[in-house]
Amino acid sequence: MKNIEFKTIAKSCKEEELSPEYKMLIDKAKESVKLSYSPYSHFAVGAAVLLADGTVFCGANQENAAYPSGLCAERTAMFYANAQCPTTPVKALACACFTDGHFTHKPGSPCGNCRQVLLETEQRFQHDMEILLYGENEILIFPSAKSLLPHCFVEDDLNG
Ligand code: THU
């Protein structure tokens, strides 16, 4: 038996180090926490999707009394973008989390279901998307959805 290593390398940076385009995207994700409907968790998440043509779509988590019926911010924003622009690749997605009156100190990280959805979008357009995760102390930038979900299940796996 041998070990196989799956490696993920992300960049850690401060807001001042971001390009103007990515600073704008983080700002949109931060603004979008105001769109959150989160009466159960009181954990507001905002997401902003940047398309390859510069268009931005925003979303926020939408909760439901039947908990699993709710949807995370990342998928709300990504499905919105894909439904409005089904042929335009996604360049980047940013998200920010807000609770107890402030943005979280450490960057929030997309849940497993969201990672799978981001990956599908990436594969659908054959275009890597950078994933920017905002925290008050640091911002993490992952190079692709695949890097957040190594050894993933994709369309090709359906062919056996
Ligand atoms: N949530 C997101 O919107 N994105 C994530 O990546 C993690 C969690 C939402 C789901 C739920 O409304 C609340 O945060 C608490 O889990």
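Notes on the structure in this doc start here. Residue indices begin from 1 for each chain and proceed along its sequence in written order. Predicted model: local features are reported for residues with pLDDT of at least 70 only, side-chain atom pairs are reported and counted for 80 or more only, and whole-chain, interface and lining totals are derived from all residues. Hydrogen atoms and water are omitted, and side-chain values are computed over all heavy atoms in the structure.

## Section: the packing of aromatic side chains
Turning to step 1, where the next piece is worked out: Any two rings among Phe, Tyr and Trp, with Trp reduced to its six-membered ring, count as a pair given centres within 6.5 Å; such a pair is stacked if its planes are under 30 degrees apart, edge-to-face if over 60, and tilted if neither. In total, this model carries 4 aromatic pairs according to the counting rule given.
Turning to step 2, where the next piece is worked out: Both rings, one in Phe-57 and one in Tyr-80, keep their centres 4.9 Å apart while their planes meet at 75 degrees; by these two values the pair is edge-to-face. Of this pair, Phe-57 sits in strand β3 (residues 56-60) while Tyr-80 sits in helix α2 (residues 73-84), and the two are 23 residues apart along the sequence.
Turning to step 3, where the next piece is worked out: The side chain of Lys-30 reaches across the aromatic face of Phe-103, ending 5.3 Å from its centre. Each helix corresponds to a stretch of at least 4 residues labelled H or I by DSSP, and each strand to a stretch of at least 2 residues labelled E; elements are numbered beginning at the N terminus. The criterion for a charge sitting over a ring is simple: Lys NZ or Arg CZ within 6 Å of the ring centre, and within 35 degrees of the ring normal.

## Focus on helix α1 (residues 20-32)
Turning to step 1, where the next piece is worked out: The first and last C-alpha atoms of α1 sit 18 Å apart over 13 residues, in line with the 18 Å expected at 1.5 Å per residue.
Turning to step 2, where the next piece is worked out: Regarding α1, the residues found buried are Tyr-22, Leu-25, Ile-26, Ala-29, Lys-30 and Ser-32. Buried residues along α1 cover an arc of 165 degrees about the axis, so they all sit on one side.
Turning to step 3, where the next piece is worked out: In the core, the buried residues of α1 are packed alongside β2 (44-51), β3, β4 (90-99), β5 (102-103), β6 (130-134) and β7 (139-142). In a helix, the anticipated span is given by 1.5 Å times the number of residues less one. Exposure is judged per residue with a 1.4 Å probe applied to protein chains only, and the accessible area is read against the type maximum: over 50% gives exposed, under 20% gives buried, and values in between give partly exposed. What the arc describes is the spread of directions from the helix axis to the C-beta atoms. By the convention used here, residues are in contact when the closest approach between their heavy atoms is within 4.5 Å.

On their own, these measurements won't tell you what the molecule is for.
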